[in-house]
Amino acid sequence: NGSANNDGCQTSLPQLSDSVSAIHHLKSADDALTSERRSLDENQYLCDMFGLGNMVDKARGIVEEMKLDLSGMSRLWDVSDALNAFIKSSEQLPWTEINAEALEDGGKAQLKAVKGLDKCTRWSDAFKTLDRKCKNFLSATPLVALLGAKAMRPRHWELLKKATSAPPVFVPPCADGNTDMLLGSLLSLDLVRYANDVEEICDRASKEEKMEISLGHIESRWSSIVFTMNAYRKQGSDEDIPLLGIGEEDYEALENDQLAVQSMLASRFVGQFQQQVNSWQTALFNVNEVFLLLS
């Protein structure tokens, strides 16, 4: 048996990236082993006559091991085709229809199939490439979920394009109403390679959204606040003097808003709202000072 060896599972299997070619080579190898098995069966009688039957048994055992290897590698390419089909269909999903949780579940199912392959395949480049491809896709799904947050603004997508050196053909979903951007377009940026940058940008977007919401609440509150007017009569005078004031709840809100503004100023993400925050810091300080004097 010129093609058999004693190295256990590490037989000489093709290491190809094209499944069609790989299956063709595996079929040829299987045919050769079938022929070898037939030859061993035909020569069993002669070997027994000369007391060499144990040598045939050893060769037959090696052939059977190689048959198992071929079966395992055939299964590997089936799993590879399934993974490629899953990734291809996922890449065709429009941005507005992406369900990150479903993507992650699908990726985990694919990884389970990869991990379930026979150990005889794990030494091969084909298995290592398949395992890496599946893990890369699975690692990208949390990043896709982060980028799908409502906090993402056009400025954040521009930061992403710069961080990933995105090609000019990449158009983010916020640009010109490009809600039909496909997931494949985003994955082409190799998000996993720039995972730290993606997480930093999404964290910035989240923090800036909180500032934006907080500033909106402050704006709404102080544009509609109702001032109180209390009459003050000086001793020995018949004339009432009106004194402006604010309710207790409003004064508590003033203190809370001042603390919120101070917190924003201490944030490293304040840059986008620096002017607005500075303006509110001054305005709230003046309101507080005036009412302290009036009281």
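Anything mentioned here points back to the structure above.
Reference entry: report on the structure contained in this document. Because the structure is a prediction, the values reported are computed rather than measured.

Sheet analysis places strand β1 (residues 228–233) next to strand β2 (residues 240–245), joined by six bridges and oriented antiparallel. Paired with Tyr-232 across the strands is Ile-241, a residue of β2.

Before going further, it helps to examine the packing of aromatic side chains. One pass over the structure, following the stated rule, counts two aromatic pairs. Relative to Phe-137, the ring of Phe-86 lies with its centre 5.4 Å away and its plane at 75 degrees, an arrangement referred to as edge-to-face. Note that Phe-86 is positioned in helix α2 (residues 53–91) and Phe-137 in helix α4 (residues 125–147), a separation of 51 residues in sequence. Note on accessibility: Phe-86 and Phe-137 belong to one class, buried. Both rings, one in Trp-95 and one in Trp-157, keep their centres 5.8 Å apart while their planes meet at 80 degrees; by these two values the pair is edge-to-face. Here Trp-95 is found in the loop between α2 and α3 (100–115), whereas its partner Trp-157 is found in helix α5 (residues 154–164), with 62 residues between them in sequence. A relative accessible area of 16% places Trp-95 in the buried class.

This brings us to the nonpolar core. Core analysis: the biggest nonpolar cluster contains 40 residues, and Leu-76, Leu-147, Trp-157, Leu-160, Leu-186 and Leu-191 have the highest contact counts within it. Per-element tally for this core: the top contributor is α4, with ten residues. Other than its neighbours up to four places away in sequence, Leu-147 contacts Trp-95, Met-152, Trp-157, Leu-160, Leu-186, Leu-191, Val-198 and Cys-202. By size, the runner-up hydrophobic cluster in this structure holds 16 residues, among which are Leu-254, Met-264, Val-270 and Trp-280.

Below, the discussion takes up unusual backbone geometry. With glycine set apart, most residues show a phi of negative sign, and most peptide bonds adopt trans. Positive phi, normally seen in glycine, also occurs at Ser-165, with a value near 55 degrees. Mapped onto the elements of the fold, Ser-165 is located in the loop between α5 and α6 (183–187). In this structure Ser-165 comes out as exposed when scored by relative accessible area, which is 58%. At Asp-190, a residue that is not glycine, the phi angle is positive and equals roughly 60 degrees.

Let us look at the packing of helix α7 (residues 195–224) against helix α8 (residues 248–266). In contact at an axis separation of 11 Å, α7 and α8 are set at 150 degrees when each is read in the N-to-C sense. In terms of orientation, α7 lies roughly antiparallel with respect to α8. The element α7 and its partner α8 pack so that their crossing is left-handed. Of the residues in α8, those in contact with Met-211, Ser-214, Leu-215, Ile-218, Arg-221 and Trp-222 of α7 are Asp-250, Ala-253, Leu-254, Asp-257, Ala-260, Val-261 and Met-264. When grouped by side-chain class, the residues that make up the contact of α7 with α8 number nine nonpolar, one polar and three charged.

Along the chain, Lys-207 turns up in helix α7. Residue Lys-207 is classed as partly exposed on the basis of its relative accessible area of 32%. In this structure, the C-alpha to C-alpha distance between Lys-207 and Ala-151, residues 56 residues apart in sequence, is 8.6 Å.

Bringing the pattern of salt bridges into the picture now. Tallied over the entire structure, the rule returns ten salt bridges. Here Asp-131 makes a salt bridge to Lys-115, at a shortest N to O gap of 3.2 Å. Placement of Asp-131 in helix α4 and of Lys-115 in helix α3 is noted, with a sequence separation of 16 residues between them. We note a salt bridge from Asp-131 to Lys-135, for which the minimum N-O separation is 3.1 Å. Taken together, the positions of Asp-131 and Lys-135, both in helix α4 and four residues apart, correspond to about one turn of that helix. Since its relative accessible area comes to 35%, Lys-135 is described here as partly exposed.

Bringing the packing of α4 against α7 into the picture now. Taken N-terminus to C-terminus, the directions of α4 and α7 make an angle of 25 degrees; their axes are 10 Å apart at the nearest point. Judged on the interaxial angle alone, α7 and α4 are roughly parallel. α7 is crossed by α4, and the crossing has left-handed handedness. On α7, the residues that touch Leu-143, Leu-146 and Leu-147 of α4 are Ala-195, Val-198, Glu-199 and Cys-202.

Cut-offs applied
- Residues numbered from 1 in each chain as written.
- Predicted model: local features only at pLDDT ≥ 70, side-chain atom pairs only at ≥ 80, totals over all residues.
- Heavy atoms only, no water.
- Pairing = 2+ DSSP bridges.
- Helix = DSSP H or I, 4+ residues; strand = E, 2+ residues; numbered from the N terminus.
- Phe/Tyr/Trp six-rings, centres within 6.5 Å; stacked < 30°, edge-to-face > 60°.
- Buried < 20%, exposed > 50% of the residue type's maximum accessible area, 1.4 Å probe, protein only.
- Core = buried A, V, L, I, M, F, W, Y, C linked by side-chain atoms within 4.5 Å.
- Contact = heavy atoms within 4.5 Å.
- Axes fitted to C-alpha atoms, helices over the stretch in contact; angles between N-to-C directions.
- Parallel < 35°, antiparallel > 145°, perpendicular 65-115°, else oblique.
- Left-handed = near helix turned anticlockwise from the far one by under 90°.
- Nonpolar A, V, L, I, M, F, W, Y, C, P; charged D, E, K, R; others polar.
- Salt bridge = Lys/Arg side-chain N within 4 Å of Asp/Glu carboxyl O.

From the geometry alone we can't say anything about function, so treat these as descriptive.
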